[in-house]
Amino acid sequence: MADLSTKYLGLNLKNPIIVGSSPLTATLDSLKKCEDAGVGAVVLKSIFEEQIEGDSDALVDETREYLVHADAYGFMKGSSMERAIDGHLRLLQDAKEALDIPIIASINCRTNGSWIEYINRFVACGADAIELNHYIVAADREVDGSAVEKNYLSLVKAARKKVKIPLSLKMGSSFSSLSNLLFRLDQLSIDGVVLFNRFFSPDINTKELTFGSAHMFSSEGEYAQSLRWTALMSDELRYDICAATGIHCGDTIVKQLLAGAKAVQLCSVLMQQGLSTVSKMQGDVASWMDEHEFTRIADFNGQLAQERIADPSRWERTQYMRSLMGAKKD
Ligand SMILES: Cc1cc2nc3c(=O)[nH]c(=O)nc-3n(C[C@H](O)[C@H](O)[C@H](O)COP(=O)(O)O)c2cc1C
């Protein structure tokens, strides 16, 4: 039987499937179910900077609904600072006692604020790593692109200074030069990056004339963006890439590993189809490895990373032209 073990953020995972931060990782009971399903690690439901700093009500009241993250919605308002932090730390502590798999704490942060002073409380409660989730919709016309990027870098820098345990950043893909930002993160001694976060999708209800949320869950084709950037960057960066968004089956996990991801994060497929899909996906990855005579993930990890392409932008453009020129009308 193929060996599915992998190393991500310096942590030994028995397989590359990580349950992403979500309601599946929000209670001790559901965390135990994740472990029983056989996953390699879990990322706890995020605590929000606003919960730590005690201004969650202000945020919900002041922010236009469609800019608020899906994960925060309906959960932030009224959450008092101490209650939020204590509850979160208790969950982390209980989970560390009850589970054997690595537990990654998640902080959803937007500024370089006082939450950084709290970060070592997560370490003291046994977090195996910290995942920063920087969710920002750059909608302020006074703030230019370099200022947005600077904010990402300064968050990581501040957190890195405070914690010695592995640190990762979960981020979106909308940057004018993502590769440049990923390189600059590399210089900050970060241990991993999660490519990519899936942002809240807005929609308009034409009956009610209201602005609200659309698809909470990803669909199966959404992994392409993550696959592109994992393949483009995995060989160029010192830190680990964890692929995320739209990963719904074993075949997509194999693709991400071939592109160079060290692990994958799953949420939608597990929430929609249940945790029993984990063993099916593991079986599919193992069968594929057997078929190709790979005994360990290291045997093929990154085999299709695109480091051998001298000019990736040009290559992408050629593929784009080819696909358009080859497209036929039905
Ligand atoms: C209901 C729900 C709650 C989520 N809560 C969080 C959260 O608290 N923190 C976070 O970093 N991501 C959160 N996410 C995002 C997921 O962890 C994941 O990155 C995203 O859903 C994309 O992966 P998927 O395509 O496998 O769903 C949430 C997603 C959903 C659907």
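Rules used in this analysis
Residues numbered from 1 in each chain as written. Predicted model: local features only at pLDDT ≥ 70, side-chain atom pairs only at ≥ 80, totals over all residues. Helix = DSSP H or I, 4+ residues; strand = E, 2+ residues; numbered from the N terminus. Buried ≥ 20, exposed ≤ 12 C-beta atoms within 10 Å, placed from the backbone. Contact = placed C-beta atoms within 7 Å. pLDDT = per-residue confidence, 0-100. Core = buried A, V, L, I, M, F, W, Y, C linked by C-beta atoms within 7 Å. Pairing = 2+ DSSP bridges. Axes fitted to C-alpha atoms, helices over the stretch in contact; angles between N-to-C directions. Parallel < 35°, antiparallel > 145°, perpendicular 65-115°, else oblique. Left-handed = near helix turned anticlockwise from the far one by under 90°. Nonpolar A, V, L, I, M, F, W, Y, C, P; charged D, E, K, R; others polar. Right-handed = clockwise from strand over helix to strand, strands pointing away.

1. A word on the overall build of the protein
In terms of helices and strands, the protein carries 12 helices and 13 strands. Within the protein, buried positions represent 39% of all 330 residues. At a minimum sequence separation of 6, the contacts of the protein that also span at least 24 residues come to 73%.

2. Details of the confidence of the model for the protein
Averaged over all residues, the pLDDT of the protein is 88; the fraction at 70 or higher stands at 86%. Considering only residues more than four positions removed or in separate chains, one finds that residues 56–70, a stretch of pLDDT under 50, has 27 contacts. Segment residues 72–78: pLDDT under 50, and 12 contacts once partners within four positions in sequence are set aside and those in other chains are kept.

3. A short note on the nonpolar core
Within the largest apolar cluster, 78 residues are counted, with the highest numbers of intra-cluster contacts made by Ile18, Val42, Ile130, Val193, Cys242 and Val264. The contacts of Val193, once residues within four sequence positions are left out, are Ser168, Leu169, Met171, Leu182, Leu185, Tyr239 and Ile241.

4. Focus on the pairing of strand E11 (residues 210–213)
Pairing of strand E10 (residues 202–205) with E11, which is carried by 4 bridges, proceeds in the antiparallel orientation. Looking across to E11, one finds that Ile204 is bridged to Phe211. Hairpin connection, E10 to E11: the antiparallel pair is bridged by 4 residues, and Leu209 has positive phi, about 55 degrees.

5. Thoughts on helix H9 (residues 250–259)
Most of H9 is tucked away, with 7 of its 10 residues classed as buried. Restricting attention to buried positions, one finds in H9 the residues Thr252, Ile253, Val254, Lys255, Gln256, Leu257 and Ala259. On its buried side, H9 packs onto helix H8 (224–233), strand E12 (240–244), strand E13 (263–266) and helix H11 (277–291). Just past H9, the residue Gly260 takes up positive phi, approximately 120 degrees.

6. Details of unusual backbone geometry
Residue Leu195 is joined to Phe196 through a cis peptide bond whose omega torsion reads 5 degrees. Unusually for a residue other than glycine, Leu9 sits at a positive phi of about 55 degrees. Among the structural elements, Leu9 can be located in the loop between strand E1 (6–8) and strand E2 (11–13). The class of Leu9 is buried, set by 24 C-beta atoms lying within 10 Å. Despite not being glycine, Thr245 has its phi angle at roughly 90 degrees, a positive value. Tracing the backbone shows Thr245 in the loop between E12 and H9. In this structure Thr245 comes out as buried when scored by C-beta crowding, with 25 C-beta atoms within 10 Å.

7. Thoughts on the packing of helix H5 (residues 115–124) against helix H6 (residues 145–162)
Running from amino to carboxyl end, H5 crosses H6 at an angle of 45 degrees, the nearest separation of the two axes being 9 Å. By the angle class used here, H5 and H6 are oblique. For the element pair H5 and H6, the recorded crossing hand is right-handed. In this structure, H5 contributes Ile116, Ile119 and Asn120 to the contact, and H6 contributes Ala158, Ala159 and Lys162. Its residues assigned to classes, the contact of H5 with H6 shows 4 nonpolar, 1 polar and 1 charged.

8. Digging into the pairing of strand E7 (residues 129–134)
Of all the 6 residues making up E7, 6 are buried; the element is thus mostly covered by neighbouring parts of the structure. Of the two faces of E7, the one holding Ala129, Glu131 and Asn133 and the one holding Ile130, Leu132 and His134 are both buried throughout. Following the chain from strand E6 (residues 103–109) across H5 to the adjacent parallel E7, one finds a crossover that is right-handed. In this structure, E7 lies alongside strand E8 (residues 167–171), joined through 4 bridges in parallel fashion. Following the sheet pairing, Leu132 is matched in E8 by Leu169.

9. A word on the packing of H8 against H9
Relative to each other, H8 and H9 sit at 25 degrees, their axes nearing to 8 Å. Classed by the angle they form, the pair H8 and H9 counts as roughly parallel. Contact residues: Leu227, Thr230 and Ala231 in H8; Lys255, Gln256 and Ala259 in H9. Taken together, the residues of the contact of H8 with H9 break down into 3 nonpolar, 2 polar and 1 charged.

10. Quick look at the environment of Asp128
Topologically, Asp128 is positioned in the loop between H5 and E7. Given 18 C-beta atoms within a 10 Å radius, Asp128 is considered partly exposed. Once the C-alpha coordinates of Asp128 and Ala105 are considered, the two residues, 23 residues apart in sequence, prove to be 7.7 Å apart.

11. Observations regarding the environment of Asp3
Locating Asp3 in the fold gives a position in the segment before E1. Every residue in contact with Asp3, bar those within four places of it in the chain, is listed here: Thr295 and Arg296.

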